[in-house]
Amino acid sequence: MTFARSLEIQKKIHAVIPGGSHTYAKGDDQYPEFMPPYLTHGHGCHVWDADGNEFIEYGMGLRAVTLGHGFEPVVEAAYAQMRKGSNYTRPAVIELEAAEELLSIVKSAEMVKFAKNGSDANNGAVKLARAYTGRDLVAICGTQPFFSVDDWFIGATAMDAGIPQAIKDLTLKFRYNDIESVRQLFAEHPKRIACIILEAEKEQPPQNDFLLKLQTLCRSEGAVFILDEMITGFRWHLSGAQAVYGLDPDLSTFGKAMSNGFSLSALTGKRKIMRLGGLDHDKPRVFLGSTTHGAENHALAAGIAVMRYYQSHPVVETLCRQGTRLAQGFSQAITHHRMEHYVLALGRPECLVFGTRDIEGKPSQPMRTLFMQELLKRGVLASSLVVSYAHTDEDIDRTIQALDESLGVYRKGLENGVERYLVGRPVSPVFRKFN
């Protein structure tokens, strides 16, 4: 396997695009140094790079392409709408159609505002919460990785250059599955917290009714309960994790898989809060969102096609089944190589990720890089092991074999030193102070 063409592209792309990528999680610092596949096309769960290398892909566009690349029913719906025009001077009828379709699925929601990415939706949710409560503080789950590109969130990360301290001071953090850490925030900042925002679940499931207790606490404290369903929506359940855990959030946000890779997100919620971004009230107006491409017609057509396909096909069930097969095979390979203390299969089967540890059992970026390097050699592109509807039994079996062989090299790296097997520098966390 050669990456000569991709390496040529790499040199050129950094000259014209800061960091060489428009999405940090796709950047060169997230992949082995001399194996940076620049992709040209994809079909199903397979992608090809500029050198002609073929890979089984996991993560699928950061979990956005759940049905598979080039999925015919979605592409055809978007194409048919494009032929009618993508953007008009006045609202299109398809905006109503898309809104009614989504609201029929998300039972907690009474109104919806469409946008282009998850940050737009979460930013709108936070702004609404502040306007509705008259409070300024935002409490985020500090053990979850990402909510928005906006200052209210980025200021709470290590990558906070350019963000005023006054903005940073308005964001607080609590710990997942630790309801006392939330109670403490409310006690320390009485009547100042506008909202709680978190994902329902990452690698750890909720324990001791944490989510229900959090929802109840928000109601008693007068704070808005915001559920980020970017990943869990259309993956845990068509209606999101709120349907799985019996939640009734004040606001919830969706994106990623809802349009199978087309740019579409949604802020949904209770009418009493959402209407502040509208015309039927006498309170101060909230600039909820006004993007030129927010209701781009062909993205809405793609979203409608996705929602309807989910309702007539066993998409979530397939994700769970294939993810379970992969998780079981991965776990068996880990046991076979006696790697239980060094490589971890984390998360629900339909959203599987892996953790890597060094010989001392500490999280290790060099070992992560070695593992990804060996998977790439075997035709598997995997910064995670998140499956799609397009992953077949054959794809899963090939991946399990690649995982097993890669773990063999990982074992040697533990025993003899990772530097003997890793080519180039290790990957780095996205959120870090310096390069």
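Everything discussed here concerns the structure shown above.
Residues numbered from 1 in each chain as written. Predicted model: local features only at pLDDT ≥ 70, side-chain atom pairs only at ≥ 80, totals over all residues. Heavy atoms only, no water.

**Quick word on the nonpolar core**
And step 1. With 76 residues, the main nonpolar core has Phe-114 and Phe-234 as its most contacted residues.
And step 2. Here this core gets 10 residues from one element, more than from any other, and that element is helix 12 (residues 297–312).
And step 3. Not counting residues within four places of it along the chain, the set of residues in contact with Phe-234 comprises Thr-66, Leu-102, Phe-254, Ala-257, Met-258, Val-306, Met-307, Tyr-310 and Leu-319.
And step 4. Of all hydrophobic cores here, the second largest spans 28 residues; its members include Ala-139, Leu-172, Leu-227 and Cys-351. (Core = buried A, V, L, I, M, F, W, Y, C linked by side-chain atoms within 4.5 Å. Buried < 20%, exposed > 50% of the residue type's maximum accessible area, 1.4 Å probe, protein only. Helix = DSSP H or I, 4+ residues; strand = E, 2+ residues; numbered from the N terminus. Contact = heavy atoms within 4.5 Å.)

**Quick look at the pattern of salt bridges**
And step 1. Inspection of the entire model under this criterion finds 23 salt bridges.
And step 2. Note that Asp-29 is salt-bridged to Arg-432, the shortest N-O span being 2.9 Å. On the criterion of sequence distance, the pair formed by Asp-29 in the loop between helix 1 (4–16) and strand 1 (39–43) and Arg-432 in the segment after helix 15 (393–416) is long-range, its members being 403 residues apart.
And step 3. Between Arg-325 and Asp-393 there is a salt bridge, with its nearest N and O atoms 3.5 Å apart. Here Arg-325 is found in helix 13 (residues 315–336), whereas its partner Asp-393 is found in helix 15, with 68 residues between them in sequence.
And step 4. A single salt-bridge network, built from bridges that share partners, covers Glu-374, Lys-377, Arg-378 and Glu-405. (Salt bridge = Lys/Arg side-chain N within 4 Å of Asp/Glu carboxyl O.)

**Examining the environment of Leu-300**
And step 1. Among the structural elements, Leu-300 can be located in helix 12.
And step 2. The spatial distance from the C-alpha of Leu-300 to the C-alpha of Leu-264 is 7.2 Å, given a sequence separation of 36 residues.
And step 3. Discounting residues that sit within four places of it in the chain, Leu-300 has contacts with Ile-94, Glu-95, Ala-98, Phe-114, Leu-264 and Ala-295.

**Some points on the packing of aromatic side chains**
And step 1. Counted under the stated rule, the structure contains 15 aromatic pairs.
And step 2. Here Phe-3 and Phe-55 contribute two aromatic rings whose centre-to-centre distance is 6.5 Å and whose plane-to-plane angle is 20°, an arrangement assigned as stacked. Here Phe-3, found in the segment before helix 1, pairs with Phe-55, found in strand 3 (residues 54–57); they are 52 residues apart in sequence, far enough to count as distant.
And step 3. A relative accessible area of 5% means that Phe-3 is categorised as buried.
And step 4. Each member of the aromatic cluster is reached from another via a ring pair, and the members are Phe-146, Phe-147, Trp-152, Phe-153 and Phe-431. (Phe/Tyr/Trp six-rings, centres within 6.5 Å; stacked < 30°, edge-to-face > 60°.)

**Focus on the sheet that holds strand 7 (residues 193–199)**
And step 1. With mixed pairing, the seven strands of this open sheet are ordered in space as 4-10-9-8-7-5-6. Either end of the sheet is taken by a strand with one partner, and the two such strands are strand 4 (111–115) and strand 6 (171–174). Strand-to-strand twist in this sheet, taken as the mean axis angle between neighbours without regard to direction, amounts to 20°.
And step 2. Pairing of strand 8 (residues 224–228) with strand 9 (residues 251–254), which is carried by three bridges, proceeds in the parallel orientation. Paired with Ile-226 across the strands is Leu-251, a residue of strand 9.
And step 3. With respect to the sheet, helix 4 (residues 93–105) is in contact with strand 4 and strand 10 (265–269), its orientation differing from that of strand 4 by roughly 120°. (Pairing = 2+ DSSP bridges. Axes fitted to C-alpha atoms, helices over the stretch in contact; angles between N-to-C directions.)

**Some words on the sheet that holds strand 2 (residues 46–49)**
And step 1. With mixed pairing, the four strands of this open sheet are ordered in space as 1-2-3-13. Every interior strand has two partners, whereas the edge strands, strand 1 and strand 13 (380–381), have only one.
And step 2. The sheet contact formed by strand 3 and strand 13 spans two bridges and is parallel. Bridged to Glu-57 within strand 13 is Leu-381.

**Some points on the packing of helix 13 against helix 15**
And step 1. At a minimum axis distance of 9 Å, the contact between helix 13 and helix 15 shows a crossing angle of 20°. Judged by the angle between their axes, helix 13 and helix 15 are roughly parallel. For the pair helix 13 and helix 15, the sense of crossing is right-handed. Judged by residue contacts, Gln-322, Arg-325, Leu-326, Gly-329, Phe-330, Ala-333, Ile-334 and His-336 of helix 13 engage Asp-393, Ile-396, Asp-397, Thr-399, Ile-400, Leu-403, Asp-404 and Leu-407 from helix 15.
And step 2. Across the contact of helix 13 with helix 15, the residue classes tally to eight nonpolar, four polar and four charged. (Parallel < 35°, antiparallel > 145°, perpendicular 65-115°, else oblique. Left-handed = near helix turned anticlockwise from the far one by under 90°. Nonpolar A, V, L, I, M, F, W, Y, C, P; charged D, E, K, R; others polar.)

**Considering the state of the cysteines**
And step 1. Summed over all chains, the structure comprises zero disulfides.
And step 2. Cys-218 provides the cysteine sulfur closest to Cys-141, a residue in no disulfide bond, and the two sulfurs are 12 Å apart.
And step 3. We note that Cys-195 lacks a disulfide partner, and the nearest cysteine sulfur, in Cys-218, lies 8.5 Å from it. (Disulfide = S-S within 2.5 Å.)

**Considerations on unusual backbone geometry**
And step 1. A positive phi angle is found at Met-60, which is not glycine, with a value near 45°.
And step 2. Locating Met-60 in the fold gives a position in helix 2 (residues 60–63).
And step 3. The class for Met-60 is buried, based on a relative accessible area of 1%.
And step 4. Not every positive phi belongs to a glycine, and Phe-234 is a case in point at roughly 65°.
And step 5. By the element assignment, Phe-234 lies in the loop between strand 8 and helix 10 (241–245).
And step 6. Taking relative accessible area as the criterion, Phe-234 reaches 0% and is therefore assigned buried.

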